[in-house]
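In case you want the letters, here they are:
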Amino acid sequence: MTLRFPKGFLFGAATSAYQIEGAWNEDGKGESIWDRFAHTPGTIEDGTTGDVACDHVHRWSEDIDWMARLGLDAYRFSISWPRLLPAGSGQTNPAGIAFYDRLVDTLLEKGILPFATLYHWDLPQALEDRGGWTERSTAEAFCEYARVVARELGDRVKHWMTLNEPFVSAFLGYGDGRHAPGRRSEREALAAAHHHLLAHGRSVPILREHVHDGHVGIALNLCPVHAASPSDRDQRAASRLDGVLNRTFLDPLADRGYPSDVPYDRSVLDSLVREGDLREIAAPLDFIGVNYYTRRVVRDETVPERENAPRTVRLRREKTQMQWEVYPEGLYELLDRLRREYDFPSYYVTENGAAYPDQIGPDGRVRDPKRISYLRRHLEQSLRALEAGVPLRGYFVWSLLDNFEWSHGLGRRFGLIYVDFPTAKRIPKASFDWYGATIAQHAIPQEPA
Ligand code: IFM
């Protein structure tokens with residue numbers, strides 16, 4: 001297998017607004033559901049918040065210098081809706097617009113392509129107070145927001161993602177309450193899922209109208225779902241989980257409507273879908289962004305173990321700090337499945353990475369060989385997918401910086417750059433140098449001994 005990437009393949013790194021920006025209530029920014037949630041005692045494992053996070057709003061220029069040192073071709077970031085429209089709609093916030101203006105101009109000056117995501121989970125609290133994603137009106141407000149952003153930045157930002165991981169935002173935010181806004185209802189999760197997709201579909205033409213030569217897509221968290229045994233029960237359980245995790249989003253985007261073999265009550269979704277919705281949701285896209293971390297191995301838990309066939313598939317022992325199995329082949333399986341079963345024009349790996357409990361050594365350096373090994377193996381699987389004919393255009397490491405990992409707080413470090421949160425000092429890890437070498441060689445280098 002050749003280890004060189006094709007010409008034009010983009011190497012990037014990704015972040016999101018709430019996870020790095022801080023300045024949660026500065027310069028006219030409105031409150032988001034994540035501000036409210038993280039300020040609610042008991043919601044975040046270590047009691048931290050994203051109030052300051054990486055303090056990126058004040059240190060963006062230094063962060064772009066780090067990106068340039070790394071040699072990034074592209075940087076994926078998200079825009080904070082309440083920083084631009086503090087109440088979700090209506091009045092815009094000029095200071096917020098100026099922040100992203102400067103960010104984009106400086107990225108371009110340094111030769112780094114901006115890849116912007118409109119929504120990475122930080123809904124304006126004012127909209128949540130009116131029902132949030134359970135209401136169709138939130139999809140309308142999203143279109144207003146998309147128009148503001150596209151008008152302001154669309155002359156310079158050419159690569160756009162409407163949403164990041166609508167599965168997580170809808171099912172963890174409204175279904176099991178682990179994420180903001182912390183609601184726990186299947187009905188609300190399904191309403192949120194449909195309205196996310198509607199917001200996506202309706203904003204695609206808005207982006208196209210304002211962005212000349214734009215590339216528009218969406219970033220989905222996708223994962224292969226394997227049955228733990230060949231029993232029919234386990235196969236069906238795996239298919240149902242695949243239905244909710246993967247096909248609830250992929251199928252409507254591919255104009256196939258919602259899947260029917262799912263563990264939730266499909267009639268709830270059907271009652272929400274209005275004439276024309278599915279057509280709007282299936283607006284043609286330029287790419288699908290794949291956020292890949294791990295696979296799932298599924299057992300039908302409704303029968304006692306002894307009544308089921310013996311397991312033939314087990315999770316491997318190697319796990320990241322998130323307790324996610326390290327399964328690099330899953331990235332190939334996923335990309336190959338997308339190529340075989342769907343016909344989206346192209347793909348990016350818009351997130352891939354791993355959390356480990358990194359520490360600064362006595363010499364002041366941060367050595368993270370496990371992350372290097374994780375990234376190397378996933379890049380090898382990306383090459384394998386390219387060789388199988390997947391139109392894969394780029395790969396983004398999650399994440400550029402250690403940051404606020406949602407309900408886990410600041411204790412899960414995914415960055416190529418270590419952030420000492422009390423001082424906000426940035427220290428590049430060994431993986432930073434390794435990834436820099438990958439970018440420079442356009443090929444996978446050997447791991448340091
Ligand atoms: O940190 C998150 C990111 O916001 C969305 N995708 C998964 C990452 C790791 O959990």
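Residues numbered from 1 in each chain as written. Predicted model: local features only at pLDDT ≥ 70, side-chain atom pairs only at ≥ 80, totals over all residues. Heavy atoms only, no water.

Enquirer: Teacher, can you tell me more about the sheet that holds strand 2 (residues 74-78) here?
Expert: Hydrogen bonds between backbone groups are what pair the strands of a sheet, and the pairing can be parallel or antiparallel. One closed barrel accounts for 8 strands, arranged 1-2-3-4-5-7-9-10; its pairing is parallel. With strand direction ignored, the average angle separating the axes of adjacent strands in the sheet is 25 degrees. As judged from the 2 bridges shared by strand 9 (residues 347-351) and strand 10 (residues 392-398), these two strands associate in the parallel manner. Its bridge partner lying in strand 10, valine 349 is registered against tyrosine 395. Across the sheet, helix 10 (residues 232-253) touches strand 5 (215-221) and strand 7 (287-291), and the angle it forms with strand 5 is around 160 degrees. Seen against the sheet, helix 14 (residues 369-387) touches strand 1 (10-14), strand 9 and strand 10 and runs at an angle of roughly 170 degrees to strand 10. (Pairing = 2+ DSSP bridges. Helix = DSSP H or I, 4+ residues; strand = E, 2+ residues; numbered from the N terminus. Axes fitted to C-alpha atoms, helices over the stretch in contact; angles between N-to-C directions. Contact = heavy atoms within 4.5 Å.)

Enquirer: So what exactly am I meant to see when it comes to the pattern of salt bridges here?
Expert: Close approach of charged atoms lets side chains of opposite charge pair. Summed over all chains, the structure comprises 39 salt bridges. Close ionic contact of aspartate 155 with arginine 156 constitutes a salt bridge, the shortest N to O distance being 3.0 Å. Given the relative accessible area of 19%, arginine 156 is considered buried. As a salt-bridge pair, arginine 337 and glutamate 341 come within 3.1 Å of each other at their nearest N and O atoms. With arginine 337 and glutamate 341 both in helix 13 (residues 329-341), this residue pair falls 4 residues apart, about one helical turn. By relative accessible area, arginine 337 is classed as buried at 15%. Given a relative accessible area of 36%, glutamate 341 falls into the partly exposed group. (Salt bridge = Lys/Arg side-chain N within 4 Å of Asp/Glu carboxyl O. Buried < 20%, exposed > 50% of the residue type's maximum accessible area, 1.4 Å probe, protein only.)

Enquirer: Got a minute to help me understand the site of the ligand in this structure?
Expert: Around the ligand sit Gln19, His120, Trp121, Asn164, Glu165, Tyr293, Trp324, Glu351, Trp398, Glu405, Trp406 and Phe414, and that is every residue in its neighbourhood. In the environment of the ligand, a nitrogen atom lies 2.7 Å from a nitrogen or oxygen atom belonging to the side chain of glutamate 165. Tryptophan 398 has a polar side-chain atom sitting 3.3 Å from an oxygen atom of the ligand. A per-class count over the shell around the ligand returns 6 nonpolar, 3 polar and 3 charged. (Near = heavy atom within 4 Å. Polar contact = N/O pair within 3.5 Å; in protein donor to acceptor, adjacent residues only side chain to side chain. Nonpolar A, V, L, I, M, F, W, Y, C, P; charged D, E, K, R; others polar.)

Enquirer: In this structure, what is going on with the packing of helix 3 (residues 56-70) against helix 15 (residues 430-441)? I would like to understand it.
Expert: Describing two packed helices takes the angle between their axes plus the distance from one axis to the other. Packing of helix 3 against helix 15 brings their axes to within 9 Å, and their N-to-C directions diverge by 55 degrees. Of the possible angle classes, the one that applies to helix 3 and helix 15 is oblique. Here Trp66, Arg69 and Leu70 of helix 3 lie close against helix 15, whose contacting residues are Phe432, Tyr435, Gly436 and Ile439. A breakdown of the residues in the contact of helix 3 with helix 15 according to their chemical character gives 5 nonpolar, 1 polar and 1 charged. (Parallel < 35°, antiparallel > 145°, perpendicular 65-115°, else oblique.)

Enquirer: Even after reading the chapter, I still don't get the pairing of strand 9, so can you show me in this structure?
Expert: A regular strand places its side chains so that they alternate between the two faces of the sheet. Of all 5 residues in strand 9, 5 are buried, a share of seventy percent or more. Pairing geometry for strand 7 and strand 9, over 4 bridges, is parallel. Its bridge partner lying in strand 9, asparagine 291 is registered against glutamate 351. Chirality of the crossover, the property in question, places the unit of strand 9, helix 14 and strand 10 among those that are right-handed. (Right-handed = clockwise from strand over helix to strand, strands pointing away.)

Enquirer: Help me understand the pairing of strand 3 (residues 113-119), please; the structure alone is not making it clear to me.
Expert: Within strand 3, 6 of the 7 residues are buried, leaving the element largely enclosed by the surrounding structure. In terms of strand pairing, strand 2 meets strand 3 through 5 bridges, oriented parallel. Across the sheet, residue arginine 76 finds its bridge partner in strand 3, namely phenylalanine 115. The pairing of strand 3 with strand 4 (residues 159-164) spans 4 bridges and is classified as parallel.

Enquirer: How should helix 7 (residues 136-153) be read in this particular structure?
Expert: For an α-helix, 3.6 residues make a turn, and residues three or four places apart therefore share a direction. With 18 residues, helix 7 ought to run about 26 Å at 1.5 Å a step, and its terminal C-alpha atoms sit 26 Å apart, in line with that. Within the sequence span of helix 7, burial applies to Arg136, Thr138, Ala139, Ala141, Phe142, Cys143, Tyr145, Ala146, Val148, Val149, Ala150 and Leu153. (Expected span 1.5 Å × (residues − 1).)

Enquirer: I'm lost on the environment of aspartate 105 in this one. Help?
Expert: Tracing the sequence through the fold places aspartate 105 in helix 5 (residues 94-109). Polar contacts involving the side chain of aspartate 105 include one to the side chain of arginine 156, which spans 2.8 Å.

Enquirer: Looking at this structure, how should I read the side chain of threonine 43?
Expert: If you trace the backbone, threonine 43 turns up in the loop between helix 2 (33-38) and helix 3. A relative accessible area of 18% places threonine 43 in the buried class. Here phenylalanine 37 takes part through its backbone oxygen, which lies 2.7 Å from a polar atom of the side chain of threonine 43. What threonine 43 contacts, discounting residues up to four positions off in sequence, is Phe37, Ala38 and Ser407.

Keep in mind these values describe shape, not function.
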